[in-house]
Amino acid sequence: MVWPNNPAGAGCRAGPYRRHIVFVSEILSEKTGGRMSDTQTAAKSGFILPRFDKLGVLIAVIALGGVLLPFMIFRANRIVLGEPRMIFEALATPEALVLALLLAAGMVIALLRFRAGLKLAASLIILIALFVLVGRSAYFLTPPDDNFARISPGAGFWLLVFAFALLAADALTRLRLKPWPRIGILALVALAFGILLATGSLNGVSTLKEYATRADRFWSEAQTHVLLAFGSVLIATIVGVPVGIISFRLPKLRAALLNVLNIVQTIPSIALFGLLIAPLAWIAATVPGASLIGISGIGVAPALVALFAYSLLPVVSNTIVGLQSVPEAANDAAKGMGMTGAQRMGWIELPLAFPVILTGIRIVLVQNIGLTTIAALIGGGGFGVFIFQGISQTAMDLVLLGAVPTVVLAFAAAVVLDAFVEMTSTGKPQ
Amino acid sequence: MIEIDAITKSYDQTVVVDHVTLTIEPSSVCAVVGTSGSGKTTLLRMINRLVEPTSGAIRIDGEDTRNTHAYELRRKIGYAIQGHGLFPHRSVGQNIATVPKLLGWDKDKTRARVTELLELFQLDPAQFRDRLPRELSGGQQQRVGVARALAAKPNILLMDEPFGALDPVIRSKAQEDLLTIQRQFETTIVLVTHDMEEAIHLGDKIAVMDEGKLLQFASPQQIISKPATPFVAELIGTGERPFKLLSLARVGKFVEPGSAEGDPIDISATLRDAYAELLWSGRAALPVSEKGQVIGKITLDQLSSHARPQ
Amino acid sequence: MRPGIIVRLIAFAVLLTFLIAPDLFEPFFGMLTKNGQPAIYNQGSLLDLTLNHLAIVFAATFAATLIAVSLAILVTRPFGVEFLPLSRSLANIGQTFPPVAVLALAVPVLGFGTAPTLVALFLYGLLPIFENTLTGLVNLPGTVAEAAKGVGMTWAQRLFKIELPLALPVILAGVRLSTVISLATATIGSTVAARTLGEVIIAGLTSNNTAFVLQGGLIVGVLAVLIYDSLAALERWLMARTGQAKRAAA
């Protein structure tokens, strides 16, 4: 990725001077790879507080907003309106003090120009502390022997999480980590939350109370969700890559195929799910054995087919684009040295197109993890079941029980596949 | 020996190569010169059947190229192109080993050959074998491209503007290296270029092409002194002719007994270098040296008489 | 080109006829119904739903365009350059949030109805436009930007006279992508009681009536194709006018 050189160097008032000093090329921005050192940027743009990190100012403002909004929401039961609890109301005083100190330290670290590694460590510590304390607060706020009270994180908590997640994201971006360390950090964060959940520290929080009453259902829906999202992408890859290779060779087929797949993408997902009910019901009823292998009008089968249909375009078109991006000289040389068509495909074209194809798979995987939630509308199961139940019961805790795992799954898939794409593109000319 | 016999290539109505006939002697360098669109690249690509001729035949050592599978034919012929065409995802070593691998050489033999070639092209094997092409300079990439073409010890090497992407200094070094290697292995080279200077420098014979037709096929001396058509003359540039003639011969052949004033010139220099030195230093004769010993002189008069057609 | 235009005009005419006089199509959709189910959506006017659907999509896309383009301009100026790497990461992360989740989570703040749908579409529409505007502004032909600086244009002159006009086709490609995604996503808004064409589809799903599902899906699909194609045509025209070869859009 090429960072722009133009925004870094020229201040607003450079215009008139340039009429005399034409083309003083921006050596400074070249040296620092387009991103000027912090002090230079601050000085150039005339910001009054050169020692402050601009993004840090934004993060501190958001975090301050988080402190001023209710940290927790207390409800006497699942349906009634919540009552706000601020940090010092929601936690025992010592814990509230610890949190206050941590937040203050975090805001200072965000504001000043510390190294990215320190910022990352601070933000991760604060994020984990926030979740630990939400769990503590849930126990603190629940009246003894009360099974109906629901304690959930309030807007303040979410804003604080957002602020420090932003800090972590910025630090990670600035660190420009290699693929494996990125996956490592993801695994560490996952481990931390795994421990938090496994030790029951968060069990008092309302969403986990919803989980507790339907743990079995949660895991079976999780299984369905993963099966639908990953299964559809797997089938789309098995079908789409060969189709992409064939249509790369046949331009006429390519145009027609891409048109059809483009139109499929425009059909709204609920409609596509719904439209597959009738034909699949018909297949189940007429083709012998079809219902035995699980094909039926509602449920997993139409969901899988619809998700597959949506996945096909990105996989096919990225395969074509990947193959088109193979340097012509390399292909000509391969031919000239006596490679057969199959050898060229296996040694040169597919390996060079692979990162682009993998990018297509990454796009559809992330997209399908999200889209699978819609499958619940046609009885296909998955995390969407909790989201739609939650919507119909106006129980936001239940919505979160479906939404959070979906987002986590999609996010993890994106990080891991992005890392793989980067690892496999080493041979690409820059 | 490559015999090209009335070869023609046409796409629909357009004739790209038109009844070209020429014979390339073994162990010689044949430079094919022409402007873009002259059909020179198509002619080259018909030799290893990257382009199939519309009519006519090509024989290598008497054997019609159509008698073997195209891919088997190509594995026996080295091929190097402009912009090198290295595989960006494979290391230098893997790139060079491509044809040996296709031919099923065993690992040790292939590895030894890669080492040998890297050394031949002055690239330290320990340092360069595992690098990716993008980690090399343009000149290094070009050398790896030629090394790759020579990997399976082909008798014939086809080159399409192999030095086109290099800057002038690296280019002349690469040309010298190529000539050294050609003499060492006695490879038959067919080289396509748009640069007449390069053709005169490298070619034992030069084929000039325009609009698909072969205008002249002759030695550099003949091309310069007796251009067959005005177009050939234009490619050489009339103002350049004497200097180009001088650049074809070396001082050694024209040494006279005696000596002269000033710094000597080496026996391996071209007449053109000697002429330039004479003019620059304002002398009428130069001492000629071999291994540091002055062995005679070369005079301005003698040079003048060689700067025109004999 | 010509037959393509004719096909699209016919599609538009058929769509319009269907929206104004849906009963004309009863025999066609009747084939899909069972046990005397109604063939044409009967719980409201299809035309009203369509107009409402379009209004929501356009409002959200318009707002998203304004904000996304401004943000992209900000992070490519000297003042905002510190935000550039982060904003790219955020745009990347944002795409991992499924629209249903965004929609559902907006409900507690905004209640049921159109508002959460508008917000979800707005947030979801930001990303493609932001990414494309960045691409457009960052990948300007290098010589043009240099020349503009060289002749002494101020930053505002460069932005409004050079950078934005040249980036416009790429930005528009983002708007097109965003609009088409929003058209489809808006149907999901009906699960939180927004008045969109999703109502028709969901009514079909709950009463097991394929005719409803099909007509809801078809209207959205045809609208998407027509809007997509018109915006693509507009881009091509702009490309030709600014003399650029087709640059890669997202």
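Just so you know, these numbers come straight off a predicted model, no measurement behind them. (Residues numbered from 1 in each chain as written. Chains lettered and ligands numbered in written order. Predicted model: local features only at pLDDT ≥ 70, side-chain atom pairs only at ≥ 80, totals over all residues. Heavy atoms only, no water.)

**Student:** Please explain the overall build of chain A as it appears in this structure.
**Tutor:** Helix and strand content of chain A: 20 helices and three strands. Sequence separation of 24 or more characterises 75% of the internal contacts of chain A that already satisfy a separation of 6 or more. Within the structure as shown, chain A displays about 19,700 Å² of accessible surface, and the carbon and sulfur contribution to it stands at 72%. (Helix = DSSP H or I, 4+ residues; strand = E, 2+ residues; numbered from the N terminus. Contact = heavy atoms within 4.5 Å. Areas by Shrake-Rupley, 256 points an atom, 1.4 Å probe, with all protein chains shown as cover.)

**Student:** Even after reading the chapter, I still don't get the UniProt feature "transmembrane region" (unreviewed entry) in chain C, so can you show me in this structure?
**Tutor:** Residue and element names in this part refer to chain C. As annotated by UniProt and renumbered to match this structure, "transmembrane region" (unreviewed entry) occupies residues 49-75, 96-115, 121-145, 166-192 and 212-234. End-to-end, the C-alpha atoms of residues 49-75 are 38 Å apart, and along that stretch the chain is 100% helix and 0% strand. With 100% helix and 0% strand, residues 212-234 has end C-alpha atoms that lie 33 Å from one another. (UniProt positions renumbered as here; feature names shortened; annotations may be inferred.)

**Student:** Looking at this structure, I do not really get the arrangement of the chains. What am I missing?
**Tutor:** Interchain contacts are distributed over two pairs of chains, and the most extensive set of them lies between chains A and C. Contact between chain B and chain C is absent, and the minimum C-alpha spacing across the pair is 22 Å.

**Student:** Just to check I follow, could you spell out the interface of chain C and chain A for this structure?
**Tutor:** Note on interface size: it is often stated as the accessible area lost on association of the parts. Every contact between the two is made by 56 residues of chain C and, on the other side, 60 residues of chain A. On the chain C side of the contact with chain A, C:Glu82, C:Thr96 and C:Lys149 bury the most area, a combined 14% of that side's loss. Here C:Glu82 and A:Arg113 are joined by a salt bridge, their closest N and O atoms 3.4 Å apart. The interface formed by chain C and chain A contains three residue pairs in polar contact (both at pLDDT 80 or more). Elements that contribute at least two residues to the side of chain C that touches chain A include exactly α4 (84-94), α5 (99-110), α7 (142-150), α8 (155-188), α9 (198-206) and α10 (210-241) of chain C. Across the side of chain C that touches chain A, the residue classes tally to 36 nonpolar, 13 polar and seven charged. (Buried area = accessible area lost by both parts, 1.4 Å probe. Salt bridge = Lys/Arg side-chain N within 4 Å of Asp/Glu carboxyl O. Polar contact = N/O pair within 3.5 Å; in protein donor to acceptor, adjacent residues only side chain to side chain. Nonpolar A, V, L, I, M, F, W, Y, C, P; charged D, E, K, R; others polar.)

**Student:** Just to check I follow, could you spell out the packing of aromatic side chains for this structure?
**Tutor:** Geometry of an aromatic ring pair is reported as the spacing of the ring centres plus the angle between the planes. Enumeration according to the criterion identifies 13 aromatic pairs over all chains in this entry. Ring geometry for A:Phe157 and A:Trp158: centres 5.0 Å apart, planes at 70°, overall edge-to-face. The exposure class of A:Trp158 is partly exposed, given its relative accessible area of 37%. Aromatic side chains C:Tyr41 and C:Phe212 sit 5.5 Å apart centroid to centroid with 75° between the ring planes, which places their arrangement in the edge-to-face category. Placement of the pair is C:Tyr41 in the loop between α2 (26-30) and α3 (46-75) and C:Phe212 in helix α10, with a sequence separation of 171 residues. Just as C:Tyr41 is buried, C:Phe212 falls in that class too. A cation sits over an aromatic face here: B:Lys101 above A:Trp347, 4.2 Å from the ring centre. One Lys or Arg, B:Arg131, reaches over the ring of B:Phe128 and ends 4.8 Å from the middle of that ring. (Phe/Tyr/Trp six-rings, centres within 6.5 Å; stacked < 30°, edge-to-face > 60°. Buried < 20%, exposed > 50% of the residue type's maximum accessible area, 1.4 Å probe, protein only. Lys NZ or Arg CZ within 6 Å of the ring centre and 35° of its normal.)

**Student:** Is there a simple way to think about the side chain of B:Arg49 in this case?
**Tutor:** Residue and element names in this part refer to chain B. The residue Arg 49 is located in the loop between α1 (40-47) and β4 (55-60) in this model. Here Glu 52 takes part through its side chain, which lies 3.0 Å from a polar atom of the side chain of Arg 49. If near-sequence neighbours (up to four positions away) are discounted, Arg 49 is found in contact with Thr 65, Arg 66, Thr 68, His 69, Ala 70, Leu 73 and Arg 74.

**Student:** Got a minute to help me understand the interface of chain B and chain A in this structure?
**Tutor:** Chain B puts 22 residues into the contact, and the matching count from chain A is 22 residues. For the pairing of chain B and chain A, the buried interface totals around 1,900 Å² over both sides, and the portion due to carbon and sulfur atoms is 68%. Looking only at chain B, the three residues that lose the most surface to chain A are B:Pro88, B:His89 and B:Arg134, adding up to 28% of its buried area. Where chain B touches chain A, the interface holds one salt bridge. B:Arg45 is the partner of A:Asp332 in a salt bridge, and the nearest nitrogen-oxygen pair spans 2.7 Å. Viewed at the interface, chain A and chain B are joined by six residue pairs in polar contact (both at pLDDT 80 or more). Elements represented by at least two residues in the side of chain B that touches chain A include exactly α2 (70-75), β6 (77-81) and α4 (98-103) of chain B.

**Student:** Got a minute to help me understand the UniProt feature "domain: ABC transmembrane type-1" (unreviewed entry) in chain C in this structure?
**Tutor:** Per the UniProt entry, the sites bearing "domain: ABC transmembrane type-1" (unreviewed entry) are residues 50-232 of chain C in this numbering. Taken end to end, residues 50-232 of chain C is 81% helix and 0% strand, and its first and last C-alpha atoms sit 22 Å apart.

**Student:** How should I be thinking about the domain arrangement of chain A in this particular structure?
**Tutor:** All names here are of chain A. Domain annotation of chain A identifies domain 1 (6-44), domain 2 (54-210) and domain 3 (215-427). With centres defined by C-alpha atoms, the gap from domain 2 to domain 3 works out at 34 Å. Each partner contributes to the interface: domain 2 provides 13 residues, whereas domain 3 provides 15 residues. When domain 2 packs against domain 3, the two sides together hide about 1,200 Å² of surface, and 66% of this comes from carbon and sulfur. Counting across the interface, domain 2 meets domain 3 through two salt bridges. At the junction of domain 2 with domain 3, the criterion picks out three residue pairs in polar contact (both at pLDDT 80 or more). (Domains from an automatic or database assignment.)

**Student:** Is there a simple way to think about unusual backbone geometry in this case?
**Tutor:** Negative phi is the rule for most residues except glycine; trans is the rule for most peptide bonds. Residues and elements named next belong to chain B. The backbone of His 19 sits at a positive phi, close to 45°, despite the residue not being glycine. Structurally, His 19 is set in strand β2 (residues 14-24). Notably, Gln 122 is not glycine yet its phi reads approximately 55°, a positive angle. Examined against the element boundaries, Gln 122 turns out to sit in the loop between α5 (107-120) and α6 (125-128).

**Student:** When you look at the sheet that holds β2(B) in this model, what are you seeing that I'm missing?
**Tutor:** Within a sheet, adjacent strands bond to each other through the backbone by hydrogen bonds, running parallel or antiparallel. Residues and elements named next belong to chain B. If you trace the four strands from one edge of the open sheet to the other, you get β2-β1-β4-β5, paired in antiparallel fashion. Each of the sheet's edge strands pairs with one partner strand only, and the pair in question is β2 and β5 (63-64). In this structure, strand β1 (residues 2-11) lies alongside β4, joined through five bridges in antiparallel fashion. Paired with Glu 3 across the bridge in β4 is Arg 59. (Pairing = 2+ DSSP bridges.)

**Student:** Looking at this structure, I do not really get the pattern of salt bridges. What am I missing?
**Tutor:** Pairing between side chains of opposite charge can happen when their charged atoms approach one another. Scanning the model with the defined rule gives 30 salt bridges over all chains in all. Of the charged contacts, one joins A:Arg75 and A:Asp397 as a salt bridge, the two residues approaching to 2.7 Å between their closest N and O atoms. You can see A:Arg75 sitting in strand β1 (residues 72-75) and its partner A:Asp397 sitting in helix α20 (residues 396-424), a full 322 residues away along the chain. For the residue pair A:Arg75 and A:Asp397, the accessibility class agrees, reading buried in each case. Ionic pairing is found between B:Glu116 and B:Arg113, a salt bridge with its closest N-O pair at 3.3 Å. With B:Glu116 and B:Arg113 both in helix α5, this residue pair falls three residues apart, about one helical turn. The class of B:Glu116 is partly exposed, set by a relative accessible area of 38%. Within the structure, one salt-bridge network assembled from shared partners comprises A:Asp53, A:Lys119, A:Asp170 and A:Arg174.

**Student:** What am I meant to see in the sheet that holds strand β9 (residues 205-210) of chain B here?
**Tutor:** All names here are of chain B. Reading across from one edge, β6-β7-β8-β3-β9-β10 is the order of the six strands in this open sheet, with mixed pairing throughout. Single-partner strands in this sheet number two, and they are β6 and β10 (213-218). Averaged over all adjacent pairs, the angle separating strand axes in this sheet is 15°, with direction ignored. In terms of strand pairing, strand β7 (residues 156-160) meets strand β8 (residues 188-193) through five bridges, oriented parallel. Within β8, the position partnered with Met 159 by the bridge is Leu 191. Sitting on the sheet, α1 is in contact with β3 (29-33), β6, β7, β8 and β9, with an inclination near 150° to β8. (Axes fitted to C-alpha atoms, helices over the stretch in contact; angles between N-to-C directions.)

**Student:** How should I be thinking about the environment of B:Ser247 in this particular structure?
**Tutor:** Residue and element names in this part refer to chain B. As for its placement among the helices and strands, Ser 247 is situated in helix α12 (residues 241-248). Residue Ser 247 is classed as partly exposed on the basis of its relative accessible area of 25%. The spatial distance from the C-alpha of Ser 247 to the C-alpha of Glu 161 is 22 Å, given a sequence separation of 86 residues. With residues up to four places along the chain from it excluded, the contact list for Ser 247 reads Thr 270 and Arg 272.

**Student:** Looking at this structure, how should I read the environment of C:Ala194?
**Tutor:** Residue and element names in this part refer to chain C. Inspection of the secondary structure puts Ala 194 in the loop between α8 and α9. The exposure class of Ala 194 is buried, given its relative accessible area of 0%. Considering only alpha carbons, one finds Ala 194 and Ala 115, 79 residues apart in sequence, at a separation of 7.9 Å.

**Student:** I would appreciate a short explanation of a nonpolar patch on the surface in the present structure.
**Tutor:** Together, C:Phe62, C:Leu66, C:Ile67, C:Leu71, C:Leu74 and C:Phe79 make up an exposed nonpolar region whose accessible area comes to about 560 Å². Following the sequence through the fold, C:Leu71 ends up in helix α3. (Patch = residues over 30% accessible without salt bridge, like charges linked within 9 Å, V, L, I, M, F, W, Y side chains within 5 Å.)

**Student:** Sorry, what's going on with the pairing of β4(B) here?
**Tutor:** Looking along a regular strand, one sees the side chains alternate between the two faces of the sheet. Residues and elements named next belong to chain B. Note that β4 and β5 share two bridges and pair antiparallel. The residue bridging Ile 60 from the neighbouring strand is Glu 63, located in β5. Between the antiparallel neighbours β4 and β5 lie two residues, among them Asp 61 with a positive phi of about 50°.

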